[in-house]
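# Remarks on the overall topology
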Amino acid sequence: EIADSFSNGMEFFTTFGGNPVACVAGLAVLQEIEKGNLQKNASETGRYLKRRLIDLADTSKRDRLGRKIGRLIGDIRGSGFFQGIEFVRDRQTKEPATAEVSLITTRMLREFNILTTVDGAYDHVLVFKPPMCFTKQNVDYFVDSLTSILLTLGTVDPSKVSRTPT
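Calculation rules
Residues numbered from 1 in each chain as written. Predicted model: local features only at pLDDT ≥ 70, side-chain atom pairs only at ≥ 80, totals over all residues. Heavy atoms only, no water. Helix = DSSP H or I, 4+ residues; strand = E, 2+ residues; numbered from the N terminus. Buried < 20%, exposed > 50% of the residue type's maximum accessible area, 1.4 Å probe, protein only. Contact = heavy atoms within 4.5 Å. Axes fitted to C-alpha atoms, helices over the stretch in contact; angles between N-to-C directions. Parallel < 35°, antiparallel > 145°, perpendicular 65-115°, else oblique. Left-handed = near helix turned anticlockwise from the far one by under 90°. Nonpolar A, V, L, I, M, F, W, Y, C, P; charged D, E, K, R; others polar. Pairing = 2+ DSSP bridges. Core = buried A, V, L, I, M, F, W, Y, C linked by side-chain atoms within 4.5 Å. Salt bridge = Lys/Arg side-chain N within 4 Å of Asp/Glu carboxyl O.

Counting secondary structure elements, the chain contains 5 helices and 5 strands. The buried share of the chain, taken over its 166 residues, is 33%. Counted over contacts in the chain with a minimum sequence separation of 6, partners at least 24 positions apart contribute 61%.

Rendered as structure tokens:
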């Protein structure tokens, strides 16, 4: 029945098609997702992640020096575990904070062992795609690490920052 669905005049080619090892591996992954209730975990923990990020972006919160902690966060986008944090230098003009994101990405990896990527037309969106087994404790570590960086980031001179390849 599945094979017949490909008999519609369009060409289909894959080196993995019909490979029994790939099929068994795929089934094992699906069974583990179901057994571990990982889809529900991704949904619930993803909502918690988004709430924590939205809270971080709240510019009414200030550090001990009176600076707005989330001043560079322009938007939080995504659902579940696939979240993007848009960084801007100015929330009104939406000027991309490209250099800042480059530094944030580098520091997340070097200081906290957190791997993130950069996206967006101006490389100003920090993208975070954790595994499905991610927990609320992991979310807290991620957001607390990002908060620590934002508190110590200071003013960034874009001419002195090289682009972070991701």
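Before going further, it helps to examine the packing of helix α3 (residues 38–57) against helix α5 (residues 136–152). Running from N to C, α3 and α5 cross one another at 20°; their axes reach a closest spacing of 10 Å. Judged by the angle between their axes, α3 and α5 are roughly parallel. Two packed elements cross with a definite hand, and for α3 against α5 that hand is right-handed. Contacts between α3 and α5 involve T45, Y48, L49, R52, L53 and L56 from the former and K136, V139, D140, F142, V143, D144, L146, T147 and L150 from the latter. When the residues that make up the contact of α3 with α5 are grouped by side-chain class, the tally is 9 nonpolar, 2 polar and 4 charged.

The next point concerns the pairing of strand β1 (residues 73–79). Pairing geometry for β1 and strand β2 (residues 82–90), over 6 bridges, is antiparallel. Along β2, the bridge assignment pairs I76 with I85.

In textbook terms, the turn of a hairpin is the stretch between consecutive antiparallel strands, and for β1 and β2 this stretch comprises 2 residues, one of which, G80, has a positive phi near 60°. Direction of pairing for β2 relative to strand β5 (residues 125–128): antiparallel, over a ladder of 4 bridges. Bridge pairing in β5 places E86 opposite V125. The antiparallel hairpin formed by β2 and strand β3 (residues 95–96) contains 4 residues in its connecting segment, where K94 sits at a positive phi of about 60°.

Okay, the environment of Q39 next. Along the polypeptide, Q39 turns up in helix α3. Note on Q39: relative accessible area 60%, which makes it exposed. Distance from Q39 to G80, taken between C-alpha atoms, is 9.2 Å for residues 41 residues apart in sequence. Those residues in contact with Q39 that lie beyond four places of it in its chain are I33 and M132.

Tracing the chain through its elements places N41 in helix α3. For the pair N41 and F134, spaced 93 residues apart in the sequence, the C-alpha separation amounts to 7.8 Å. Excluding residues that lie within four positions of it along the chain, N41 makes contacts with G46, F81, M132, C133 and F134.

Turning our eyes to something else, we now look at the nonpolar core. By size, the foremost hydrophobic cluster in this structure holds 32 residues, and its most contacted members are I85, F87, I104, F142 and L146. Listing elements by their share of this core, those giving two or more residues are α3, β1, β2, α4 (98–112), β5 and α5. In this structure I104 touches F87, L126, L146, I149, L150 and L153, once residues within four positions along its chain are discounted.

This part takes up unusual backbone geometry. Backbone geometry at K94 places phi at a positive 60°, although glycine is not the residue there. Positive phi, normally seen in glycine, also occurs at D123, with a value near 50°. Here D123 lies in the loop between β4 (117–119) and β5. Relative accessible area serves as the criterion here: at 21%, D123 is assigned to the partly exposed category.

Let us now look at the pattern of salt bridges. The final tally for this structure, using the stated rule, is 10 salt bridges. For E44, the salt bridge goes to K40, with nearest N and O atoms at 3.7 Å. Of this pair, E44 and K40 both sit in helix α3, 4 residues apart, roughly one helical turn. Measuring nitrogen to oxygen at the nearest pair gives 2.9 Å for the salt bridge that ties D144 to R52. Placement of the pair is D144 in helix α5 and R52 in helix α3, with a sequence separation of 92 residues. Classification of D144 as partly exposed rests on a relative accessible area of 45%. Taken together, the shared-partner salt bridges connect D75, R77, E86 and K94 into one network.

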